[in-house]
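What the coordinates show
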Amino acid sequence: MKENILIIDIPTSNVGSIKNAINEVGFDVRISSNLEDIKNSDKVILPGHGTFSAAKKFLVEKKIFQYLKNYPKNKFFLGICVGMQLLATYSYEEGKDDGFDLIKGEVKKITCKSHEKLPHIGWNQIDVVNKNSKIINDIIFFEENDVYFSHSYNFNLENTENLICSTPFGQNYITSIIQKENIFGLQFHPEKSSFLGKKILKNFLDL
Amino acid sequence: MLKKRIIPTLLWKQAGLVKGEKFDSWRNVGSVMPSIKLYSKRDVDGLILLNIDKTNRDLDPNYNLIKEFCENCFVPFYYGGGITNIDQIYNLLKNGIDKIVINSFLYNNLNFLREINLNFGTQFAVASIDYKKIEDKYICFSHNGKKNEEKEVSDWINEIEKIGVSEIILTSIDHDGLMKGFDYEFMELLTKNINSNLIMSGGAGKPDDMFKAFQYKNVDAVAAASLFHFKEITPRDCKLYLKAKKINVR
């Protein structure tokens with residue numbers, strides 16, 4: 001095993017799909033929701049389908065929540081979709097609920113333009129705001145910059161310095177990639193974003 | 001900008017893939033695995049796999065086979081056919097499926113959709129509606145087009161939208177497999193009133209049919225099978241055609 005990589009086994013998430021993509025880019029990965037397993041991993045991926053509160057409830061029940069909230073600085077963490085939203089200070093999906101507060105911000109429902117529909121589903125572009133993040137290392141952005149989204153809520157960042165990529169949708173824009181030091185978040189699904197998605201996933205695994 | 005999507009549909013029956021006309025006269029069109037590999041390599045916008053054997057039976061999906069299919073697919077993978085309970089969905093997700101498609105079971109169990117949304121969020125479930133035009137009315141049919149649900153499509157969509165759904169696949173049985181174009185008449189009538197993400201299906205025979213479908217602003221994606229199976233047209237060919245005509249595709 002090259003690296004000690006783990007996907008947190010949230011049953012409502014497409015863990016199988018993420019595992020396949022990780023294997024495809026050449027890494028082994030474990031799937032577990034056991035706290036000891038998670039503590040013993042160098043890179044942890046938190047996937048997410050479902051609601052913020054349901055995912056949080058699962059993490060609290062499994063006694064993982066506190067560990068993730070105080071995630072060690074010498075290890076890497078990647079949240080995908082709701083997994084990224086859980087990094088926030090608060091979410092307003094089902095009333096106010098607090099997240100890990102690893103990256104400051106609030107999760108709120110997207111306000112659409114008149115011709116747009118929710119959920120925001122399909123392929124949309126990611127525009128680079130901060131090109132220095134390693135998660136977008138070696139990616140040449142020109143025409144091929146579409147990734148796959150499937151969500152209705154957006155991570156409104158408190159500090160724009162955490163914004164790596166944004167996506168044109170809604171009244172403002174969608175926060176599509178965030179980073180604060182060793183903590184990363186992707187609003188889209190890299191495991192389902194074809195070649196570009198696999199490249200981004202590989203960048204994380206190569207850290 | 002959000003792109004318009006082209007999604008191949010694969011109809012899985014017994015050991016292989018089939019395609020028919022008007023939900024009948026099935027012809028074998030190859031094996032499942034090589035098709036999934038090819039489409040994924042060709043970077044399609046998604047893949048819909050419908051097990052059309054299933055709806056007539058009470059078996060669970062074949063998870064082992066599905067797991068193998070998913071190992072070869074790196075674009076959104078939709079699966080439908082005989083899904084009737086939450087445990088099946090957990091198993092499908094574990095084995096690599098991204099989205100589930102529900103159709104027949106929903107007619108008498110709308111609560112199932114509520115249950116799915118509660119567990120997996122409203123961005124997850126896809127409702128599929130097959131319909132025929134009967135005396136100027138668009139009527140829903142279930143069980144592979146065999147059972148008349150005696151319900152108008154627009155009413156059924158309203159009921160589904162009240163609960164919330166990720167996307168709706170609308171398939172015209174009358175146009176299915178004929179490759180003579182989509183049901184534009186219906187799109188004209190109906191799509192204005194739909195708030196959900198909409199995938200139109202049934203009748204695509206050439207890239208220009210997709211161009212016509214995307215003239216209806218509410219159409220987010222088109223699904224197609226026959227033109228990919230029987231003509232030497234690829235999703236990429238369709239996209240190049242659409243791009244040249246200023247449709248926003250990947």
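Shown above is the structure to which this text applies.
Our subject in this report is the structure included herewith. (Residues numbered from 1 in each chain as written. Chains lettered and ligands numbered in written order. Predicted model: local features only at pLDDT ≥ 70, side-chain atom pairs only at ≥ 80, totals over all residues. Heavy atoms only, no water.)

Regarding the overall build of chain A
Stated precisely, the cut-off is as follows: Strands here are runs of E lasting at least two residues and helices are runs of H or I lasting at least four, both read from the DSSP assignment and numbered beginning at the N terminus. Based on C-alpha atoms, the radius of gyration is set beside the globule rule, defined as 2.2 Å times the residue count to the power 0.38. Burial status follows relative accessibility: with a 1.4 Å probe on protein chains alone, a residue under 20% of its type maximum counts as buried, one over 50% as exposed, and anything between as partly exposed. The contact rule is simple, with two residues in contact once any of their heavy atoms fall within 4.5 Å.
Broken down by element type, chain A carries 6 helices and 14 strands. Relative to the 2.2 N^0.38 estimate, which gives 17 Å for 207 residues, the radius of gyration of chain A is 16 Å and therefore close to what a compact globule would have. Taken along the three principal axes of its C-alpha coordinates, chain A extends 45 × 40 × 30 Å. Each of the 207 residues in chain A was classed as buried or not, and the buried ones make up 61%. Relative to all contacts within chain A whose residues are 6 or more apart in sequence, the contacts with residues 24 or more apart total 71%.

As for the interface of chain B and chain A
For the record, the criterion: For any pair of parts, buried area is found by adding up, for both, the accessible area (1.4 Å probe) each one loses once the two are put together. Salt bridge, as used here: a side-chain nitrogen of Lys or Arg that lies within 4 Å of a carboxyl oxygen of Asp or Glu. Pairs of N or O atoms are called polar contacts if they sit within 3.5 Å, as long as, within protein, a hydrogen donor faces a hydrogen acceptor (for residues adjacent in sequence, only side-chain-to-side-chain pairs). Each residue gets one of three labels, nonpolar for Ala, Val, Leu, Ile, Met, Phe, Trp, Tyr, Cys and Pro, charged for Asp, Glu, Lys and Arg, and polar for the others, Gly among them.
Of the residues lining the interface, 40 residues belong to chain B; the matching set on chain A comes to 34 residues. For the pairing of chain B and chain A, the buried interface totals around 2900 Å² over both sides, and the portion due to carbon and sulfur atoms is 52%. Viewed at the interface, chain A and chain B are joined by 3 salt bridges. Two residues, Asp-98 of chain B and Lys-192 of chain A, come together in a salt bridge whose shortest N-O distance is 3.0 Å. Our count for the contact surface shared by chain B and chain A stands at 23 residue pairs in polar contact (both at pLDDT 80 or more). Of all elements in the fold, only β5 (77–80), α3 (86–94), α4 (110–120) and β11 (197–201) of chain B reach the threshold of two or more residues within the side of chain B that touches chain A. Broken down by element, the side of chain B that touches chain A gets its largest block of residues, 3 residues, from α3 of chain B. Counted by class, the side of chain B that touches chain A contains 17 nonpolar, 11 polar and 12 charged residues.

Digging into the pattern of salt bridges
This model, assessed by the stated rule, comprises 27 salt bridges over all chains. Asp-220 of chain B is the salt-bridge partner of Lys-117 of chain A, the closest N and O atoms lying 2.6 Å from each other. Taken together, the residues span two chains, with Lys-117 of chain A in the loop between β7 (105–109) and β8 (120–125) and Asp-220 of chain B in strand β12 (residues 219–224). Each member of the pair, Lys-117 of chain A together with Asp-220 of chain B, is buried. Two residues, Lys-245 of chain B and Asp-208 of chain B, come together in a salt bridge whose shortest N-O distance is 3.7 Å.

Structural notes on unusual backbone geometry
That bond from Leu-118 of chain A to Pro-119 of chain A is cis: its omega, -5 degrees, falls within 30 degrees of zero. With respect to the element layout, Pro-119 of chain A can be found in the loop between β7 and β8. We note that Asp-43 of chain B has phi near 65 degrees; this positive angle belongs to a residue other than glycine. The phi dihedral of Glu-150 of chain B is positive, around 50 degrees, even though this residue is not glycine. Along the polypeptide, Glu-150 of chain B turns up in strand β9 (residues 147–152).

Points about the environment of Phe-186 of chain B
All names here are of chain B. Within the element layout of this structure, Phe-186 appears in helix α6 (residues 184–190). Residue Phe-186 is classed as buried on the basis of its relative accessible area of 2%. Taking the C-alpha atoms as reference points, Phe-186 and Lys-137, 49 residues apart in sequence, are found 9.9 Å from one another. Setting aside residues no more than four positions away along its own chain, Phe-186 makes contact with Tyr-131, Tyr-138, Val-153, Leu-170, Thr-191 and Met-200.

A few points about the nonpolar core
Defined as follows: Each nonpolar core is a collection of buried residues, namely Ala, Val, Leu, Ile, Met, Phe, Trp, Tyr and Cys, held together in the definition by side-chain atoms within 4.5 Å.
Ile-89, Ile-116, Ile-129, Val-153, Leu-170 and Met-210 of chain B are the most contacted members of the largest nonpolar core, which totals 88 residues. Those residues in contact with Met-210 of chain B that sit more than four places away from it in its chain are Ile-6, Phe-182, Ala-204, Val-222, Ala-224, Leu-227, Phe-228, Cys-238 and Leu-242 of chain B. Val-25, Ile-164, Ile-200 and Leu-201 of chain A belong to the second largest nonpolar core, which has 34 residues in total.

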